[in-house]
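Residue strings, one per chain:
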Amino acid sequence: MFRNFFRIVSGSFSPELLKRVYLGGFLVLAGVLFWYQIIRGDYYFQRAKNNYLKVIPLASMRGAIFDRNGQAIAYDRPVFSIGVIPYQIESSREGLFAALSEFSGSSLKTLDKSYRKNFQSYFSPVDIITDVDKAKALAIKEKFSDSVVVITRPQRYYPNSYQLAHVLGYVKEAKAFYQELKNYGYSPLERVGINGVEQVYDAYLRGAEGGKLIEVDSRGRIMGFLGEQLPQKGKDITLTVDSRIQLAADSALGQQKGALILMDSQDGGILALCSKPYFNPNDFISGKNIQAVFNDPGSPLLNRAYQATFPIGSTFKPIMATAALEEGKITPASSFNCSGEFHLGRAAFRCWTIHGIQNLYEALAHSCNVYFYNLGMILGPEPITDWAGKFGLNSLTGIDLPSEKSGFVPSRQWKQKEIKSVWYPGDTVNFSIGQGYLLASPLAIMRAMNVFANGGYLVRPHLIKEIDSIDSGISTRAYLGISEKNLQAVRQGLREAVLRDDGSAHILQRLNLKFSGKTGTAQNSGKAHGWFTGFFTYQDKTYTICVFIEHGGASYEAVKIAYYFLKSVIENNLL
Amino acid sequence: MNIFSRKFTSLDFKGLKTICVCLLILNILSLASIYSSLHQAGQFAEREVLYKQIVWIIVSWLALIIFANINYRIYFDLAYLIYGLNLILLIGVMFFGKSVMGAQRWIEIFGMNFQPSELSKIAAIIILARFFSLSSPRGLVYGFLLPLIFIVLNALVIFIQPDLGTALIIVFLFFSLGFFSRIPKRFFIGLIALGLLVSPFLLNHLKDYQKRRLLVFMNPNLDPLGAGYSIIQSKIAVGSGKLAGKGFLSGTQNQFNFLPERHTDFIFTVIGEEWGFIGSLFLIIIYWLILKKILQQAQRARDEFASFFCLGISLFFFFHLFINIGMTLGILPVVGLPLIFLSYGGSNLLIASILLGIFFNISRTAR
């Protein structure tokens, strides 16, 4: 081969050979052209398009959120900011920023920082002074005329700030979670709901972003305008929540750590859902003080009404009573003697006082532990597990809020499998009064109590009433199949807890409502949690309430809060 | 000796009609492409650039006619003188020339900028044609060493300007014409091997922007906004032309200013984008027709000097075409050579026309 090559090279060169070399060269060029223009033509055509076609997004208005009275509790308001268009100020940037800083009072550092942070492209406006009032925006525009632009964009605003934070959540630009969200068609600057109703109903609330299609040259100068798609506003939604009642709940709860929920007994619509401590969602919009919220040891972002579970204590007793009645182990007249203590082998389980002979009504009214220890021993753990499950304590309530935490109901099998230990009779005794492994959220407890309020139905608690003026149709309920007689018996016991002078919740009788309820003082590693859950009839409608005070010491606190809350609600005619 | 082979007024283009038609087509294509490349978003900005090019085209036709009527043998006699003058001009440019974009290549003549390095291309062809036509296998000093020294000296002066493209063309001419001479080919091959050995050393002496161009040629994505930008955007432009192109004045890469230097070195991208594969192929065929004609003449020339001269002219054209189109397509590095007869610019158009004129004279005196 080398010899062959050498012969060609050393042979005489003729113009004929050169002709072939040229032809070869031109064929190579034609081949490369064929590759780029014919085979890869579509690809390069698209790339050329991407070069000069740009979309400038136009922000859409997010749907507003109204409470049941039509009061706006979250809506978009226009905010003004001062922006610059990079290619226009390319050379004069430093001078312009210095002048702007002097005129507006914002520091030069802030301007530079915003410019770098908000820069998107050479030709679209970059915010450098954000959130200025209209007068100031116009003054700046007048002074700097064409070198700045006034940008109006919708900003989320929550007029109730703290009080509805846990219900509503807040919004954030999608760019923080862009990898996940882009598959759902979000653009980086579009606002997406975080937590609360804003998150759950984001698909309705978010509008459709619009955009301007423009032609730009290599330096980003706008050369032509091809068309515009106007943004579309998202759908408005109406909640079952009453912001006035929510405010009353908030002030009744005061500085206590805990939760207060008020619900329509029949359809499960939530009128107030309050969790403390809380946060101001407007801070998340402006981006101020957020770190303090995240670092707060009181976990203000946690919604204690349904995102956390706690020992439920005596509020479990109505479920125990129902189980025993339904399993046919007792009648309402069945009585047990409370000597202040219950002996199981060598162990003694205490009652909080000496009640003497107690029937079902008395036991519920006084919250007698010994009575329910006895029911537990008669029933054994399996029916208790079953009935706790039937009342929804080991499942989600299905409320239309994100990150709900399911309650937990222990069982003999569970303990063997997970704790690697047998189920002792002592476990049953603890289980009977809602202690031990049993955990549930205030919302789940309220829903269980609500079964007695509405004639035996497990409802789905919800916040949504209407989407775009169309009824949500979310309200569903499941019939538990408890006999009316047994329901009535438990109801009677719960009524007496309020009615009787020595009933555990008797101060509620002062409200003059047909009130039934159950207190609870749940032991835990710290100070006991205070519980009250009950239901009442007001103007022919039944409502269910739950008050939970984290480490509140005793149930009395919870009952007191329920009292002041409802007192204010009734006095102000809010229901 | 009468330097005019026939009467000065004679415009006898017998057998040269093809080349004249091709040249006219190229002139029209050149004006159209320059017009399109200066046309932005519906506006035609730099009118005077187009007018200048029209003047250059007229001047180049005049030059072609004049040189077609000058007996080519005179270059054989004046070879040393032309070479010497060219060298003096080049050295003069180093001291008195105008500097544009960091390269000192231009001198001003009658208000128009002229690059003496372009003249070197003619001088190199003349001196090589003379040496090689006289060469004998044994006359190594006269047939090999002396032209080598002449060429290296000339290339070095141009390289300093710096104008890598022209320097390379002159060196290429030496080797490719040398292969047609009677000098044993092993000398040229040996010299190429030596050149490859010392090339790493030479690379170190390239200007930074030249080195960058070479690196970016290997991988344009190294520097997509800097040196690689030209290549990427030029590929996009040519590729997006697809089969039939986007149409006159409708190339988006061109109209929206994504192509750099598009009325000079990158003019081929304008044609590729606006006229597509069909237009590009048409252009290449035109060039091919011209080259074919010149090579035919090389075989029929009256003497060996004429033969070498024709080969030199064809090689000069081919190098420019292949390297220029190759660089816009990203298969060759960006060395800054114009596309003959198409790119904006007087010097290279004038030189190419003069060479064609000389070729016309050769073909008219052919056997």
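Structure: see above.
Attention here is on the structure that accompanies the text. As the structure is a computational prediction, the values presented were derived from the model and not from experiment. (Residues numbered from 1 in each chain as written. Chains lettered and ligands numbered in written order. Predicted model: local features only at pLDDT ≥ 70, side-chain atom pairs only at ≥ 80, totals over all residues. Heavy atoms only, no water.)

## Section: the overall build of chain A
Counting secondary structure elements, chain A contains 23 helices and 23 strands. Each of the 575 residues in chain A was classed as buried or not, and the buried ones make up 53%. Counting only contacts in chain A whose residues sit at least 6 apart along the sequence, the fraction spanning at least 24 positions is 68%. About 25,700 Å² of surface is accessible on chain A, with carbon and sulfur atoms providing 51% of the total. (Helix = DSSP H or I, 4+ residues; strand = E, 2+ residues; numbered from the N terminus. Buried < 20%, exposed > 50% of the residue type's maximum accessible area, 1.4 Å probe, protein only. Contact = heavy atoms within 4.5 Å. Areas by Shrake-Rupley, 256 points an atom, 1.4 Å probe, with all protein chains shown as cover.)

## What to know about the overall build of chain B
Tallying secondary structure elements over chain B gives 13 helices and five strands in all. Considering chain B as a whole, with its 367 residues, one finds that 58% of them fall into the buried category. Restricting to contacts in chain B with at least 6 residues of sequence separation, those with at least 24 account for 71%. Carbon and sulfur atoms form 69% of the exposed surface of chain B, whose accessible area is close to 15,000 Å².

## Thoughts on the nonpolar core
If you look at the biggest cluster of nonpolar residues, it comprises 117 residues, and the most contacted ones within it are Phe309, Phe317 and Phe341 of chain B. Take this core: its biggest share by element is 16 residues, from helix α12 (residues 304–328) of chain B. Setting aside anything within four residues of it in sequence, one finds phenylalanine 341 of chain B in contact with Leu23, Leu26, Ser30, Tyr287, Phe317, Asn348, Leu349, Ala352, Ser353 and Leu356 of chain B. Core analysis: the next-biggest nonpolar cluster, separate from the first, contains 99 residues, Ala308, Met320, Phe349 and Ala453 of chain A among them. (Core = buried A, V, L, I, M, F, W, Y, C linked by side-chain atoms within 4.5 Å.)

## Observations regarding the side chain of serine 230 of chain B
Along the polypeptide, serine 230 of chain B turns up in helix α9 (residues 227–240). In contact with serine 230 of chain B, other than residues within four places in its own chain, are Pro260 and Phe266 of chain B.

## Overview of the packing of aromatic side chains
Within the structure shown, the criterion is met by 58 aromatic pairs over all chains. Ring centres 5.1 Å apart and planes at 35° place the aromatic pair phenylalanine 515 of chain A and phenylalanine 536 of chain A in the tilted group. Highlighted residues: phenylalanine 515 of chain A in strand β21 (residues 514–522) and phenylalanine 536 of chain A in strand β22 (residues 529–538), separated in sequence by 21 residues. The exposure class assigned to phenylalanine 515 of chain A is buried, which follows from its relative accessible area of 0%. Counting every residue linked through ring pairs, the aromatic cluster contains Phe132, Phe144, Phe174, Phe175, Phe179, Phe187, Phe188 and Phe308 of chain B. Over the aromatic face of phenylalanine 76 of chain B sits the side chain of arginine 73 of chain B, whose NZ or CZ is 4.8 Å from the ring centroid. One Lys or Arg, arginine 130 of chain B, reaches over the ring of phenylalanine 76 of chain B and ends 4.6 Å from the middle of that ring. (Phe/Tyr/Trp six-rings, centres within 6.5 Å; stacked < 30°, edge-to-face > 60°. Lys NZ or Arg CZ within 6 Å of the ring centre and 35° of its normal.)

## Describing the pattern of salt bridges
Residue and element names in this part refer to chain A. In total, this model carries 26 salt bridges over all chains according to the counting rule given. Between aspartate 76 and arginine 156 there is a salt bridge whose closest N-O contact spans 3.2 Å. Placement of the pair is aspartate 76 in strand β3 (residues 72–84) and arginine 156 in strand β5 (residues 149–157), with a sequence separation of 80 residues. For the pair shown, aspartate 76 and arginine 156 are each scored as buried. Ionic pairing is found between aspartate 76 and arginine 191, a salt bridge with its closest N-O pair at 2.8 Å. Here aspartate 76, found in strand β3, pairs with arginine 191, found in strand β7 (residues 191–194); they are 115 residues apart in sequence, far enough to count as distant. For the pair shown, aspartate 76 and arginine 191 are each scored as buried. Linked by salt bridges that have partners in common, Arg62, Asp76, Arg156, Arg191, Glu198 and Asp202 make up one network. (Salt bridge = Lys/Arg side-chain N within 4 Å of Asp/Glu carboxyl O.)

## What to know about the environment of valine 370 of chain A
Residue and element names in this part refer to chain A. Examined against the element boundaries, valine 370 turns out to sit in helix α17 (residues 369–379). Between the alpha carbons of valine 370 and cysteine 351 there is a distance of 5.9 Å; along the sequence they are 19 residues apart. Here valine 370 is in contact with Asn337, Cys338, Gly340, Glu341, Phe342 and Cys351, once residues within four sequence places are set aside.

## Section: the sheet that holds strand β23 (residues 541–549) of chain A
Residue and element names in this part refer to chain A. One open sheet accounts for five strands, arranged β12-β11-β23-β22-β21; its pairing is antiparallel. Edge positions in the sheet fall to β12 (270–276) and β21, since each of these pairs with one other strand and no more. Ignoring which end each strand starts from, the neighbouring axes of this sheet average 10° apart. Of the pairings in the sheet, the one linking strand β11 (residues 258–264) to β23 comprises seven bridges and is antiparallel in character. The residue bridging glycine 258 from the neighbouring strand is isoleucine 549, located in β23. (Pairing = 2+ DSSP bridges. Axes fitted to C-alpha atoms, helices over the stretch in contact; angles between N-to-C directions.)

## Regarding the interface of chain B and chain A
It is common to give the size of an interface as the accessible area that goes away when the parts come together. With 47 residues of chain B in contact, the opposing surface of chain A contributes 38 residues. Each partner contributes to the roughly 3,900 Å² buried at the junction of chain B and chain A, and carbon and sulfur atoms together form 77% of this total. In this assembly, chain B and chain A are joined by one salt bridge. The shortest N-O distance in the salt bridge between lysine 242 of chain B and aspartate 42 of chain A comes to 2.7 Å. The interface formed by chain B and chain A includes ten residue pairs in polar contact (both at pLDDT 80 or more). The greatest single-element share of the side of chain B that touches chain A, amounting to 15 residues, is contributed by helix α11 (residues 267–300) of chain B. Partitioning the side of chain B that touches chain A into residue classes produces 28 nonpolar, 14 polar and five charged. (Buried area = accessible area lost by both parts, 1.4 Å probe. Polar contact = N/O pair within 3.5 Å; in protein donor to acceptor, adjacent residues only side chain to side chain. Nonpolar A, V, L, I, M, F, W, Y, C, P; charged D, E, K, R; others polar.)

## Some words on empty space enclosed by the protein
Residue and element names in this part refer to chain A. Within this structure, the stated rule accounts for five cavities of 30 Å³ or more. Its boundaries defined by the atoms lining it, the largest cavity holds a volume of some 50 Å³. Ala165, His166, Gly169, Asn195, Gly196, Phe279, Leu301, Asn303, Tyr306 and Gln307 together form the lining of the largest cavity. Classifying every residue of the lining of the largest cavity by side-chain character gives four nonpolar, six polar and no charged. A domain split of the lining of the largest cavity shows at least three residues from each of domain 1 (55–239) and domain 2 (243–571). (1 Å grid on protein atoms, 1.4 Å probe; cavity = no way out; pocket = protein on both sides within 12 Å on 5 of 7 lines; lining within 4 Å. Points joined across faces, edges and corners; volume = space filled by probe spheres on them. Domains from an automatic or database assignment.)

## Focus: a positive patch on the surface
Residue and element names in this part refer to chain A. Positive charge collects at one region of the surface, where Arg93, Lys109, Lys113, Arg116 and Lys117 lie side by side. With four residues, helix α6 (residues 108–118) is the single largest residue contributor to the positive patch. In this fold, arginine 116 is placed in helix α6. (Patch = residues over 30% accessible without salt bridge, like charges linked within 9 Å, V, L, I, M, F, W, Y side chains within 5 Å. Lys, Arg positive; Asp, Glu negative; His and termini not counted. Charge placed at Lys NZ, Arg CZ, Asp CG, Glu CD.)

## Quick look at the sheet that holds strand β9 (residues 222–229) of chain A
Residues and elements named next belong to chain A. Pairing within the open sheet is antiparallel, and its three strands lie in the order β1-β8-β9. Strands at the two margins of the open sheet, each flanked by one partner only, are β1 (53–58) and β9. Each neighbouring strand pair of the sheet contributes to a mean axis angle of 25°, computed without reference to strand direction. Sheet topology places strand β8 (residues 210–216) next to β9; six bridges connect them, and they run antiparallel. Bridging from a neighbouring strand, glutamate 215 pairs with glycine 224 of β9. The strands touched by helix α3 (residues 41–52) within the sheet are β1 and β8, with β1 carrying the most contacts at an inclination of about 50°.

## Thoughts on helix α3 (residues 73–96) of chain B
Helix length check: α3 of chain B (24 residues) gives 33 Å between terminal C-alpha atoms against 34 Å at 1.5 Å per residue, within 8%. All buried positions along α3 of chain B are accounted for by Ile74, Tyr75, Phe76, Ala79, Tyr83, Asn86, Leu87, Leu90 and Val93 of chain B. (Expected span 1.5 Å × (residues − 1).)

## Concerning the side chain of serine 421 of chain A
Residue and element names in this part refer to chain A. Inspection of the secondary structure assignment puts serine 421 in the loop between α19 (412–419) and α20 (425–432). The exposure class of serine 421 is buried, given its relative accessible area of 17%. At 3.4 Å, the side chain of serine 421 and the side chain of lysine 415 are in polar contact. In contact with serine 421, not counting residues within four places along its chain, are Lys415 and Gln416.

## Remarks on the pairing of β12 of chain A
Residue and element names in this part refer to chain A. Within β12, seven of the seven residues are buried, which leaves it mostly tucked inside the rest of the structure. Sheet topology note: the β11/β12 ladder contains six bridges and is antiparallel. Directly across from isoleucine 261, in β12, lies its bridge partner leucine 273. In sequence, β11 turns back onto β12 through a hairpin of five residues, with glycine 268 there showing a positive phi of about 85°.

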